[in-house]
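What follows is the residue order along each chain.
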Amino acid sequence: MHEHGSAPAAWLPAALVLGGALLLLAFGYLWAVSAGRRRGRSWSPWRTAALVAGVCLAMVALGPLGAAGHRDFVAHMWGHLLLGMAAPLLLVVSAPVTVLLRGLPAHRARSLSRLLQSTWLRIVSHPAVAAALNVGGLWLLYTTALHGWMHTSWLGHMVVHGHVLLAGLVFTAAILQVDPTPHGHDHRLRAACLVGFLALHAILGKHLYAHPPVGVDEASAQAGAQLMYYGGDYIDVVLIALFCLDWYRRTAPGRAVAPSRALGAA
């Protein structure tokens, strides 16, 4: 259990700032869906539902679980699973870039296309880099003093949770490539990066079981580590299934798709 006198207020700024950004994303997404429909472009209600569900899960992780996580490591780990894995998966499946390209005016859509083709985005969105940023950040969080700083500083809480959400989004997007991208990567490369991430994430769960983070008692650390290990597996199964389904869809005879050409068309 954590004992931090200033902890109860540390989660609030992160919840307000990151939660506000998520609400802006949701409103922008719904606006783009509506704008596309006015131009005669239909949009899957399932993708819209995925966006709403992803935002809701992230808000739960930032709000109630963010507050409880200062006192309960298991609650903190629930927040990790929702904010860093489940919510990013749903947000990526909602295809936010595609819906923006369909809803924005032509000149703004071209500006977004140029941004997607930038060098820095190509580097960050590479599956290997995205996997390293994601799992590497978690190793730093739980094996260094960063975990304690997060629970005593509002800035630490915001930085850590912002990184967890963004790293999860970038990694999931790099693996699934739901949205059109000018920097597409072969399925074999993405599969190798996914396997590497899964292995390091599982090893971290086992490491936490034997080596609790600073300020966490052994029983709480073991319960949280088990949740991270087994709970993460359920989300990973969905990620793997979607990845394999996309691989089949793009490579099956007569059904090949060239995702890298879709950006220019959009």
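Nothing here was measured: the structure is a model prediction, and the numbers come from that model. (Residues numbered from 1 in each chain as written. Predicted model: local features only at pLDDT ≥ 70, side-chain atom pairs only at ≥ 80, totals over all residues. Heavy atoms only, no water.)

Help me out: how do you make sense of the overall build of the protein chain in this one?
Across its full length, the protein chain carries 13 helices and 0 strands. Shown N-terminal to C-terminal, the secondary structure of the protein chain runs as helices and strands in the order α-α-α-α-α-α-α-α-α-α-α-α-α. The C-alpha extent of the protein chain, read off along each of the three principal axes, is 55 × 35 × 30 Å. Here the protein chain holds 266 residues, and the buried ones make up 47% of them. Counting only contacts in the protein chain whose residues sit at least 6 apart along the sequence, the fraction spanning at least 24 positions is 78%. When the accessible surface of the protein chain is split by element, carbon and sulfur atoms take 70% of a total near 12,800 Å². On the protein chain, the mean spot of the 18 positive side-chain charges and the mean spot of the 9 negative ones are 25 Å from each other. (Helix = DSSP H or I, 4+ residues; strand = E, 2+ residues; numbered from the N terminus. Buried < 20%, exposed > 50% of the residue type's maximum accessible area, 1.4 Å probe, protein only. Contact = heavy atoms within 4.5 Å. Areas by Shrake-Rupley, 256 points an atom, 1.4 Å probe, with all protein chains shown as cover. Lys, Arg positive; Asp, Glu negative; His and termini not counted. Charge placed at Lys NZ, Arg CZ, Asp CG, Glu CD.)

I would appreciate a short explanation of the packing of helix H10 (residues 154-176) against helix H12 (residues 218-251) in the present structure.
Between two packed helices, both the angle of their axes relative to each other and the distance between the axes serve to describe the pair. The geometry of H10 relative to H12 is characterised by a closest axis approach of 9 Å and an angle of 30° between their N-to-C directions. The orientation of H10 relative to H12 falls into the category roughly parallel. Facing H10, whose interface residues are Phe171, Thr172, Ile175 and Leu176, H12 presents Leu239, Leu242, Phe243 and Asp246. Residues that form the contact of H10 with H12 fall into these classes: 6 nonpolar, 1 polar and 1 charged. (Axes fitted to C-alpha atoms, helices over the stretch in contact; angles between N-to-C directions. Parallel < 35°, antiparallel > 145°, perpendicular 65-115°, else oblique. Nonpolar A, V, L, I, M, F, W, Y, C, P; charged D, E, K, R; others polar.)

Hey, could you run me through the UniProt feature "transmembrane region" (unreviewed entry) in the protein chain in this one?
Feature annotation in UniProt places "transmembrane region" (unreviewed entry) on residues 12-33, 45-65, 77-101, 121-142, 154-176, 188-209 and 229-248, given in this structure's numbering. Across residues 45-65, the secondary structure splits into 95% helix and 0% strand, with the terminal C-alpha atoms separated by 29 Å. Helix makes up 100% of residues 188-209 and strand 0%, whereas the separation of the span's terminal C-alpha atoms amounts to 32 Å. (UniProt positions renumbered as here; feature names shortened; annotations may be inferred.)

Just checking my understanding: could you explain helix H11 (residues 187-210) for this structure?
Every α-helix carries 3.6 residues per turn, so stepping three or four residues along brings you back to the same face. The terminal C-alpha atoms of H11 lie 35 Å apart, and with 24 residues this matches the ideal 34 Å at 1.5 Å per residue to within 8%. Along H11, the residues that are buried comprise His187, Arg190, Ala191, Cys193, Leu194, Phe197, His201, Leu204, Gly205 and Leu208. Against the buried residues of H11 lie helix H4 (73-93), helix H8 (127-143), H10 and H12. The residue sitting at the N-terminus of H11 and contributing the capping side-chain oxygen is Asp186; that oxygen lies 2.7 Å from the backbone nitrogen of Arg188. (Expected span 1.5 Å × (residues − 1). Polar contact = N/O pair within 3.5 Å; in protein donor to acceptor, adjacent residues only side chain to side chain.)

Got a minute to help me understand the pattern of salt bridges in this structure?
Oppositely charged side chains can form a pair if their charged atoms are brought close together. A full pass over the atoms with the stated rule returns 3 salt bridges. Residue Asp246 is joined to Arg249 by a salt bridge in which the shortest nitrogen-to-oxygen separation is 3.1 Å. With Asp246 and Arg249 both in helix H12, this residue pair falls 3 residues apart, about one helical turn. For Asp246, a relative accessible area of 10% gives the class buried. What emerges from the salt-bridge pattern is a single network uniting Asp246, Arg249 and Arg250. (Salt bridge = Lys/Arg side-chain N within 4 Å of Asp/Glu carboxyl O.)

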